[in-house]
Amino acid sequence: MITTDFVPGSPCWLDLGAPDVEAATAFYRAVFGWQAEPHGGQDAGGYTLFRLDGKAVGAVGPLTEAGARSAWTLYFHTPDADASVQAVERAGGSVRVPPAGVGTEDGRFAQLTDPQGADFAVWEPARYPGVEAADGPGTLVWTELYTTDPAAAQTFYKSVFGWSTQDMPLPGGGGTYTLLTPAGCSEERMHGGLMGVPADLLGPGGKPYWHPVFGCQDCDATVGLATGNGGTLSMGPENAEGVGRLAVCNDPSGAEFVVLTPESPL
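If you're wondering where the values come from, they're calculated on a predicted model, not measured in any experiment.

The rules we used
Residues numbered from 1 in each chain as written. Predicted model: local features only at pLDDT ≥ 70, side-chain atom pairs only at ≥ 80, totals over all residues. Heavy atoms only, no water. Pairing = 2+ DSSP bridges. Helix = DSSP H or I, 4+ residues; strand = E, 2+ residues; numbered from the N terminus. Axes fitted to C-alpha atoms, helices over the stretch in contact; angles between N-to-C directions. UniProt positions renumbered as here; feature names shortened; annotations may be inferred. Core = buried A, V, L, I, M, F, W, Y, C linked by side-chain atoms within 4.5 Å. Buried < 20%, exposed > 50% of the residue type's maximum accessible area, 1.4 Å probe, protein only. Domains from an automatic or database assignment. Contact = heavy atoms within 4.5 Å. Buried area = accessible area lost by both parts, 1.4 Å probe. Salt bridge = Lys/Arg side-chain N within 4 Å of Asp/Glu carboxyl O. Expected span 1.5 Å × (residues − 1). Arc of directions from axis to C-beta.

(A) How the structure looks around the sheet that holds strand β1 (residues 11-18). Strand order in this open sheet of eight strands is β2-β3-β4-β1-β5-β8-β7-β6, and the pairing throughout is mixed. Lying at the two open borders of the sheet, with one neighbouring strand each, are β2 (35-38) and β6 (94-102). The mean angle between the axes of side-by-side strands here comes to 25°, regardless of whether they run parallel or antiparallel. With four bridges connecting them, β2 and strand β3 (residues 48-52) associate as antiparallel partners. Looking across to β3, one finds that Pro-38 is bridged to Thr-48.

(B) Spatial organisation of the UniProt feature "domain: VOC" (unreviewed entry) in the protein chain. Taking the numbering used here, the UniProt-annotated feature "domain: VOC" (unreviewed entry) corresponds to residues 10-125 and 139-262. For the annotated span residues 139-262, helix accounts for 18% and strand for 44% of the residues, and the straight-line distance between the end C-alpha atoms is 13 Å.

(C) Representation of the sheet that holds strand β14 (residues 232-240) in the model. On the basis of which strands lie adjacent, the open sheet formed by eight strands has the order β10-β11-β12-β9-β13-β16-β15-β14 and mixed pairing. Across the chains shown, the open sheet's two edge strands, defined by having one partner strand only, are β10 (164-169) and β14. Across this sheet, the average inter-strand angle for adjacent strands is 25°, counted without regard to direction. As paired elements, strand β11 (residues 176-181) and strand β12 (residues 192-196) share four bridges and run antiparallel to each other.

(D) Expanded view of the nonpolar core. Ranked by size, the top nonpolar core spans 60 residues in total, and within it Tyr-28, Trp-72, Phe-120, Tyr-157 and Trp-210 carry the most contacts. Ranked by residue count, the leading element in this core is helix α1 (residues 21-32), at six residues. Composition of this core by domain shows at least three residues from each of domain 1 (10-125) and domain 2 (139-262). Excluding residues within four positions of it along the chain, Tyr-157 makes contact with Asp-114, Ala-118, Phe-120, Leu-145, Gly-162, Trp-163 and Trp-210. In terms of nonpolar packing, the next biggest core, distinct from the first, is built from 15 residues, Val-141, Trp-142, Met-190 and Val-213 among them.

(E) Structural detail: the domain arrangement of the protein chain. Domain annotation of the protein chain identifies domain 1 (10-125) and domain 2 (139-262). The straight-line distance from the C-alpha centre of domain 1 to that of domain 2 is 18 Å. With 32 residues of domain 1 at the contact, the number on the domain 2 side is 39 residues. Across the domain 1 to domain 2 interface the summed buried area is about 2,900 Å²; carbon plus sulfur atoms make up 74%. Counting across the domain 1 and domain 2 interface gives one salt bridge. Residue Lys-207 is joined to Asp-119 by a salt bridge in which the shortest nitrogen-to-oxygen separation is 3.1 Å.

(F) Just helix α3 (residues 150-161), in detail. Between its first and last C-alpha, α3 extends 16 Å over twelve residues, near the 16 Å set by a 1.5 Å rise per residue. All of the buried residues along α3 are Ala-153, Gln-154, Phe-156, Tyr-157, Val-160 and Phe-161. Buried residues of α3 fall within an arc of 165° about the axis and therefore sit on the same side. In α3, the exposed residues that point more than 90 degrees away from the buried face are Ala-151 and Thr-155. Looking one or two residues beyond α3, the residue adopting positive phi is Gly-162, at roughly 75°.

Here it is in structure tokens:
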């Protein structure tokens, strides 16, 4: 369960790097009904907040790194961005963007990469804690890491965030899925999972990556909206026992996300 009562290591924000911010905004507006609001009075095409019923649920901005592909970045809460960066470096990860402030009082972030190559970020809040809605239709309900070395990934993220982990077998002998929970929290605060995926199934370059899972009332209908507005379908829709009905989608620029209608109504 992802909540807006953030604790260290819990998902707290997400944004999309897109080659065309206005086109991405139009796509996600059509799929999830999000409203768009340029951040801090920027012109259209700059960093733009996504809102649902007036509450911030994420953002989109132009790609800023040379050679970067369009992708969602997940941010995890930290009380100290500098300390998190040091923990990442000690554990063998790397720093893509060192700690920097946003605005004058919003908070500080850093963009990082784990030793296997998956990108993520941390957010140290000040005035702006993070997403204002989660765990419902059109909002973040889960985070997921596809990695080439799940054991090493577990060791890394435990070192950085102190996450507790719980392994569960995938149906049909499909391997192991590891559930992730913030340090010191009960299982009801479980926020994501990681699984091993061969490099040749990870897309260009075989690079591990995080992706967001968004809730929806009707998985098939949401997939129809995605594909009807220029997106593509990588997997599903299909039923996952004990989880719900889900599908893996790509937006028109190739950024991957998952839509999920859980077995228990949102």
